[in-house]
Structures are given as structure tokens and as C-alpha cells.
Amino acid sequence: MRAAVHTRYGPPEVVEVRDVPTPAAGAGALLVRVHATTVNRTDCHYRSATPFPMRVLSGLTRPKATILGNEFAGVVEATGTGVHRFAVGDRVFGYCEGPFGAHAEHLVVPEDRAIAAIPDRLSFEQVAPGRRARTTRSTTSPAPAWRPGWTCSCTARPGRSAQQRCSS
């Protein structure tokens, strides 16, 4: 699968699209094919490790989580043993700060995390911007060509472009 990966801290240019192994759903977890996600201020802070105390959470010298992304919407492709709330084919959305991983084609998320079924009347793009993005989004930037539905929702600062906002 393809994923946006960063192995060092820095501006948006440290993120590279790479082929990585597709994860497997373990016990109590779902394998979700991601259809839409966001880049929000949490992702920006973890990617750049700013302010400096962020390194306590993200890794002192290099990132612990190399695939960021905490808001997602997609379809359940597989379930691990003991999953009861969701089935293969369910449209779901959620928030996964901590393990991250939504900036990839597939994401493994525990069933007991903040995840819910998508109402039929809503699209993936409508539900992907969850709690964080809804409170910070003021502008959007063009989606990367490899992942339709990505938006930039970093905190706006007057006089700065979307690229500049995401790099701070």
C-alpha cells in the first residue's frame, strides 16, 4: 500500500509517499481502506515537533509514528477476532490520535476507539474532518494527487499560504 511517511522532523517536504506493507487487523481491530482523511494541526505539530516539548510525545530524536493522520473515513475491509460492532463492507469514520496512520491507503484501528458508522446521506469527505479539523479549518489546499479527499486544515494565520500554515 502507499502511505505518506516521515522519518525525520521538519517542514512538509520531509513527508514522502512510499510503498509500505499493508497492516493486518489483529484481535479486536478493524482494517479500514481509507477513502478520505485530513491534515490538521495535530499532524503538523507531530511532523515538525514544534513546539519543542512535542518531542516528549512524538519522539526525542526522530518520530515514533512515521505515518501520521488521525481523522479518517473509509470502508472496513477486514476484522480481527472479537469484533462485534462492525462488519466487512461497513462505511466508518473516526479519530485515532496516538497510533495515527490515516495518511495511508489502509489503517488498522481498534474497535473500541472513537469510530462510528457513516450515515447513508453523508460522503467520506463530509465525515473525515472530525473534531480537530472542524475547529481549526479555515482554508483548504489542493489534495495530493495520490489520495483524493485530503484537505489541509491547519490553523490559519493572516497573510500566510496553506503551505506556510502546514509547515509551522
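Just so it is clear, the model here is predicted, and its values are computed rather than measured. (Residues numbered from 1 in each chain as written. Predicted model: local features only at pLDDT ≥ 70, side-chain atom pairs only at ≥ 80, totals over all residues. Heavy atoms only, no water.)

1. Structural notes on the overall build of the protein chain
- From N to C terminus, the protein chain includes 5 helices and 8 strands.
- Along its sequence from the N terminus, the protein chain presents helices and strands in the succession β-β-β-α-α-β-β-β-β-α-α-β-α.
- For the protein chain, the proportion of its 168 residues judged to be buried stands at 46%.
- Within the protein chain, contacts between residues at least 6 apart in sequence are counted, and of these 70% link residues at least 24 apart. (Helix = DSSP H or I, 4+ residues; strand = E, 2+ residues; numbered from the N terminus. Buried < 20%, exposed > 50% of the residue type's maximum accessible area, 1.4 Å probe, protein only. Contact = heavy atoms within 4.5 Å.)

2. Thoughts on the confidence of the model for the protein chain
- Overall, the prediction assigns the protein chain a mean pLDDT of 82, with 77% of residues at 70 or greater.
- Contacts for the low-pLDDT stretch residues 132–168, under 50 throughout, to residues beyond four places or in other chains number 85 contacts. (pLDDT = per-residue confidence, 0-100.)

3. Observations regarding the nonpolar core
- Residues Leu 30, Phe 72, Val 92, Leu 107, Val 109 and Ile 115 are the most contacted members of the largest nonpolar core, which totals 13 residues.
- Elements with a minimum of two residues in this core: β3 (29–39), β4 (71–79) and β6 (106–110).
- Broken down by element, this core gets its largest block of residues, 3 residues, from β3.
- Ignoring sequence-local partners within four residues, the contact set of Ile 115 consists of Leu 30, Phe 72, Arg 85, Phe 86, Val 92, Phe 93, Gly 94, Val 109 and Pro 110.
- Formed by 7 residues, the second largest nonpolar core is a distinct cluster that contains Ile 118, Phe 124, Val 127 and Ala 128. (Core = buried A, V, L, I, M, F, W, Y, C linked by side-chain atoms within 4.5 Å.)

4. Let's talk about the pattern of salt bridges
- Applying the stated rule across the entire model yields 1 salt bridge.
- With a closest N to O distance of 2.9 Å, Glu 16 and Arg 18 form a salt bridge.
- Looking at Arg 18, the relative accessible area reads 33%, which means it is partly exposed. (Salt bridge = Lys/Arg side-chain N within 4 Å of Asp/Glu carboxyl O.)

5. Here we look at the side chain of Ser 48
- Examined against the element boundaries, Ser 48 turns out to sit in helix α1 (residues 41–48).
- Assessed through its relative accessible area of 10%, Ser 48 is described here as buried.
- A distance of 2.9 Å separates a polar side-chain atom of Ser 48 from the backbone oxygen of Cys 44.
- Separated by 2.7 Å, the side chains of Ser 48 and Thr 50 make a polar contact. (Polar contact = N/O pair within 3.5 Å; in protein donor to acceptor, adjacent residues only side chain to side chain.)

6. Some remarks on the packing of aromatic side chains
- Applying the stated criterion across every chain, the model contains 1 aromatic pair.
- A cation over a ring is seen here: Arg 91 above Phe 124, with NZ or CZ 5.0 Å from the ring centre. (Phe/Tyr/Trp six-rings, centres within 6.5 Å; stacked < 30°, edge-to-face > 60°. Lys NZ or Arg CZ within 6 Å of the ring centre and 35° of its normal.)

7. Details of α1
- Along α1, 6 of the 8 residues are buried, which leaves the element largely enclosed by surrounding structure.
- Where α1 is concerned, the buried positions are Thr 42, Asp 43, Cys 44, Tyr 46, Arg 47 and Ser 48.
- At the N-terminal boundary of α1, the capping side chain belongs to Asn 40, with an oxygen 2.9 Å from the backbone nitrogen of Thr 42.
- Positive backbone phi, at 55°, marks Ala 49, one or two positions downstream of α1.

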